[in-house]
Amino acid sequence: MTDKEKVKLIALYFPQFHPIPENDKWWGKGFTDWTNVKKAEPQFPGHNQPRVPLDRRYYDQSKLETVKWQGEIAKAHGVYGFCHYHYWFEGKQLLQAPTNHMLENRDIDFPFCLAWANETWSRRWDGREDQILIKQTYATNEAGWESHFEYLFKAWSDPRAIKVDGKPVFMIYRPHFVTHLGDMLAYWRRRAKERGLPGVQFAHADLSGM
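Residues numbered from 1 in each chain as written. Predicted model: local features only at pLDDT ≥ 70, side-chain atom pairs only at ≥ 80, totals over all residues. Heavy atoms only, no water.

Here the focus is the overall build of the protein chain. Within the protein chain one finds six helices and nine strands. Relative to the globule expectation of 17 Å for 210 residues, the C-alpha radius of gyration of the protein chain, 18 Å, shows essentially globular dimensions. Each principal axis of the C-alpha atoms in the protein chain carries an extent, and together these give about 55 × 45 × 35 Å. When each of the 210 residues of the protein chain is scored for burial, the buried share is 44%. Partitioning the intrachain contacts of the protein chain with sequence separation of at least 6 by distance along the chain shows that 72% fall at a separation of at least 24. Roughly 12,000 Å² of accessible area belongs to the protein chain as shown, and the carbon and sulfur atoms make up 52% of that amount. (Helix = DSSP H or I, 4+ residues; strand = E, 2+ residues; numbered from the N terminus. Rg over C-alpha atoms; globule rule 2.2 N^0.38 Å. Buried < 20%, exposed > 50% of the residue type's maximum accessible area, 1.4 Å probe, protein only. Contact = heavy atoms within 4.5 Å. Areas by Shrake-Rupley, 256 points an atom, 1.4 Å probe, with all protein chains shown as cover.)

The following block contains the structure:
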């Protein structure tokens, strides 16, 4: 079997394990998903809750050493790469610290790609989905697409970028939500080729069964 024929295990990388000012405002000072993990209670006899990470390592993904360690432990257990969740609200980013660590530290020897989690944030976790925290909106012209492209190109042109036929992989969680999707993808493909890439391998995430 050639390397091209081998199945590669790529894990979705969820960056909600570091504090950001927005979550401080919406959920309380220092909030991360560890906050909810620690609050979990057993619902039936033998239910193992709350789950405690090995050695009580409630890691912080805003720290470079955490991102390096996660890549090392994933590689040691057969994971080929990470697909980082990417949050972009017409130029405003959230939870980008671990991805930026990857982009800024090429000594982290671990493949990666990005998945645009393009949904509106609300208080759904509290059963209050009608309360919007930050609304997902979409650029409708080349000027708006270009600003997003410039950030994405940092990942697409990275030598560790996960590729298919030489094209960097980019996943969109809910592509049918995106205004002018076809025009935007065509623009990004053209810009990627102008910058020396053979194109972009776009994909979407079908998580309907989760």
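Here we take up the pairing of strand β8 (residues 167-172). With five of six residues buried, β8 lies mostly within the body of the structure. The pairing of strand β4 (residues 112-116) with β8 spans three bridges and is parallel. Bridged to A115 within β8 is M171. Bridge count between strand β7 (residues 163-164) and β8: two bridges; the pairing is antiparallel. Directly across from V164, in β8, lies its bridge partner K167. The antiparallel hairpin formed by β7 and β8 contains two residues in its connecting segment, where D165 sits at a positive phi of about 55°. Bridge count between β8 and strand β9 (residues 201-204): four bridges; the pairing is parallel. Note on β9: the bridge partner recorded for F170 is F202. One crossover worth recording links β8 to the parallel β9 by way of helix α6 (residues 181-194), and it is right-handed. (Pairing = 2+ DSSP bridges. Right-handed = clockwise from strand over helix to strand, strands pointing away.)

What follows covers the pattern of salt bridges. Counted according to the given criterion, the structure contains 13 salt bridges. With a closest N to O distance of 3.5 Å, D158 and R106 form a salt bridge. Within this pair, whereas D158 is found in the loop between α5 (142-156) and β7, its partner R106 is found in the loop between α4 (97-104) and β4, the two being separated by 52 residues in sequence. With relative accessibility at 52%, the residue R106 sits in the exposed group. (Salt bridge = Lys/Arg side-chain N within 4 Å of Asp/Glu carboxyl O.)

Moving on: unusual backbone geometry. Cis geometry marks the peptide bond from Q49 to P50; its omega dihedral reads -5°. Its place among the elements puts P50 in the loop between α2 (33-39) and α3 (64-76). Of note, the phi angle at E90 is positive, near 50°, even though the residue is not glycine. In this model, L95 sits at a positive phi of 60°, which is unusual for a non-glycine residue. On the basis of relative accessible area, L95 is assigned to the buried category, the value being 1%.

Let us look at the packing of α5 against α6. Running from amino to carboxyl end, α5 crosses α6 at an angle of 50°, the nearest separation of the two axes being 10 Å. The orientation of α5 relative to α6 falls into the category oblique. Regarding α5 and α6, the two cross each other, and that crossing is right-handed. Between α5, through E142, W145, E146, H148, F149, E150, L152 and W156, and α6, the contact on the second element is made entirely by D183, M184, Y187, W188, R190, R191 and A192. Across the contact of α5 with α6, the residue classes tally to eight nonpolar, one polar and six charged. (Axes fitted to C-alpha atoms, helices over the stretch in contact; angles between N-to-C directions. Parallel < 35°, antiparallel > 145°, perpendicular 65-115°, else oblique. Left-handed = near helix turned anticlockwise from the far one by under 90°. Nonpolar A, V, L, I, M, F, W, Y, C, P; charged D, E, K, R; others polar.)

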